[in-house]
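Reading the structure
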Amino acid sequence: MTNPQLTIFGLPCPTDKKSVVNVSSVPQRSPFRYPGGKTWLIPTVRNWLKQKAKASLLIEPFAGGGIVSLTAAFEKLAEHIIMVEMDKEIAAVWEVILTDKNKWLADKIYSFQLTHEHVNEELDKPDKLLQDIAFCAVLKNRIFHGGILAKGSGMIKNGENGKGLASRWYPKTLHDRIRAIEFVNNRIEFISGDAFEIIAQNINNKDAFFFIDPPYTVAGKRLYTHYELDHEKLLWLTAQLKGKFMLTYDDTTEIRLLADKNRLQYKTLPMKTTHHVEKNEIIISDNFSWWK
Ligand SMILES: C[S@@+](CC[C@H](N)C(=O)[O-])C[C@H]1O[C@@H](n2cnc3c(N)ncnc32)[C@H](O)[C@@H]1O
């Protein structure tokens with residue numbers, strides 16, 4: 001018999017034996033390949049959102065690639081969705097995609113001739129308009145190592161199969177994903193701002209569902225421009241929410257301690273990183289009646 005996993009207090013860990021999720025059942029709807037993206041968690045998020053006949057409001061305060069909001073919008077799992085993101089480049093993409101500049105961005109990607117020269121021209125362009133910032137963000141997300149836009153990242157050299165810069169540049173797919181979002185943009189509101197403010201503003205909203213996926217304590221610094229976060233405050237704030245919430249984190253002692261301190265329940269889920277390393281994530285929620 002294997003030993004049950006123990007919490008830091010030596011108590012059995014509330015882990016259900018689950019296997020790593022097969023993501024082939026999840027339509028890829030985001031134009032981003034997002035570091036720390038939650039496509040793998042979508043089957044769990046669907047169960048969580050379906051605990052009510054229909055969620056009237058879903059708030060995704062750390063939107064990033066936005067796969068949770070997009071899935072909820074396309075699958076009609078929430079009536080209204082608020083996405084929040086602080087990174088100006090990522091925010092520009094959502095602002096453009098969700099407005100009348102959607103077609104401009106989709107067409108620009110489709111017709112762009114991907115060469116080093118053209119890339120440098122776009123990235124070095126002075127006085128960029130919002131749509132130029134959005135285009136550059138998509139470009140960088142596709143041609144920079146690991147989709148990372150944060151300082152210290154740079155262009156792919158050899159890429160997959162020696163295809164170099166173009167190894168992750170799929171103009172037709174990106175065009176189609178962006179155009180498709182126009183069909184659900186009436187359900188999605190985007191806020192370029194701070195997650196903490198939006199969470200605090202909705203703290204007493206009993207009808208809201210919060211999907212909270214902050215930059216993680218360990219890997220955040222390498223992956224995101226905005227990685228510094230008061231995790232203690234976030235867990236405290238989450239514990240005050242009157243609505244439903246799901247908060248995800250890397251399974252670390254620090255987060256378990258903070259969850260225990262705020263009397264928050266959690267379970268763990270196995271996942272595979274992009275480098276095929278299996279690890280556990282912590283899922284914190286106000287209740288687990290929806291957990292399958
Ligand atoms: C783990 S990623 C979210 C990934 C997303 N769930 C997905 O599937 O693509 C965290 C995101 O939070 C953003 N962020 C960091 N601090 C923030 C803040 N205070 N307010 C809003 N967004 C923030 C980062 O820029 C990053 O995009």
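The following paragraphs examine the structure supplied in this document.

Some remarks on the sheet that holds strand S2 (residues 78–85)
Across the sheet, seven strands lie side by side as S3-S2-S1-S4-S5-S7-S6; this open sheet has mixed pairing. A strand with exactly one partner marks an edge of an open sheet, and here the two such strands are strand S3 (188–192) and strand S6 (265–272). Strand-to-strand, the axes of this sheet are offset by a mean angle of 20°, without reference to chain direction. As paired elements, S6 and strand S7 (residues 278–285) share eight bridges and run antiparallel to each other. What sits directly across from Pro270, in S7, is Asn280.

Quick notes on the pairing of strand S5 (residues 244–250)
The buried fraction of S5 amounts to six of the seven residues, a majority that puts the element mostly inside the structure. Pairing geometry for strand S4 (residues 208–212) and S5, over four bridges, is parallel. Paired with Phe210 across the two strands is Phe245, which belongs to S5. Here S5 pairs with S7 via five bridges, running antiparallel. The partner of Met246 across the bridge, within S7, is Ser285.

Some words on the pairing of strand S1 (residues 55–60)
Strand direction decides the pairing type here: S1 and S2, joined by five bridges, are parallel. Across the sheet, the residue bridging to Leu58 is Ile81, located in S2. The β-α-β motif built from S1, the intervening helix H2 (residues 67–74) and the parallel element S2 has right-handed crossover chirality. Summarising the sheet, S1 and S4 pair through three bridges and their orientation is parallel. Its bridge partner being in S4, Leu58 is matched across the sheet by Phe209.

Quick look at the site of the ligand
Around the ligand lies a shell of 23 residues, among which Tyr34, Phe62, Gly64, Gly65 and Ala195 are the nearest. Those elements that place two or more of their residues in the shell around the ligand are S2 and helix H8 (195–201). Here the shell around the ligand is composed, by residue class, of 13 nonpolar, five polar and five charged.

Observations regarding the packing of helix H5 (residues 116–124) against helix H6 (residues 130–143)
Put simply, H5 and H6 touch, their axes get as near as 10 Å, and they point 135° apart. When the axis of H5 is compared with that of H6, the two are oblique. When you trace H5 past H6, the crossing you get is left-handed. Contacts from Val119, Glu122 and Leu123 in H5 reach Phe135, Cys136, Leu139 and Ile143 in H6.

A few points about helix H11 (residues 253–261)
Taken together, the buried positions of H11 are Ile255, Arg256, Leu258 and Ala259. Projected onto a plane normal to the axis of H11, the buried residues spread over an arc of 165° and lie on a single side. More than 90 degrees from the buried face of H11, the exposed residues found are Thr253 and Lys261. Contacts from the buried residues of H11 go to helix H10 (231–240), S5, S6 and S7. Two residues or fewer past H11, Arg263 is found with a positive phi of approximately 55°.

Looking at the packing of helix H4 (residues 102–111) against H6
Relative to each other, H4 and H6 sit at 45°, their axes nearing to 10 Å. Taken together, the axes of H4 and H6 are oblique relative to one another. The handedness of the crossing between H4 and H6 is right-handed. Of H6, the residues touching H4 (which contributes Trp104, Leu105, Lys108 and Ile109) are Gln131, Ala134, Phe135 and Val138. For the contact of H4 with H6, a count of residues per class yields six nonpolar, one polar and one charged.

Thresholds, definitions, all that
Residues numbered from 1 in each chain as written. Predicted model: local features only at pLDDT ≥ 70, side-chain atom pairs only at ≥ 80, totals over all residues. Pairing = 2+ DSSP bridges. Helix = DSSP H or I, 4+ residues; strand = E, 2+ residues; numbered from the N terminus. Axes fitted to C-alpha atoms, helices over the stretch in contact; angles between N-to-C directions. Buried ≥ 20, exposed ≤ 12 C-beta atoms within 10 Å, placed from the backbone. Right-handed = clockwise from strand over helix to strand, strands pointing away. Near = placed C-beta within 6 Å. Nonpolar A, V, L, I, M, F, W, Y, C, P; charged D, E, K, R; others polar. Parallel < 35°, antiparallel > 145°, perpendicular 65-115°, else oblique. Left-handed = near helix turned anticlockwise from the far one by under 90°. Contact = placed C-beta atoms within 7 Å. Arc of directions from axis to C-beta.

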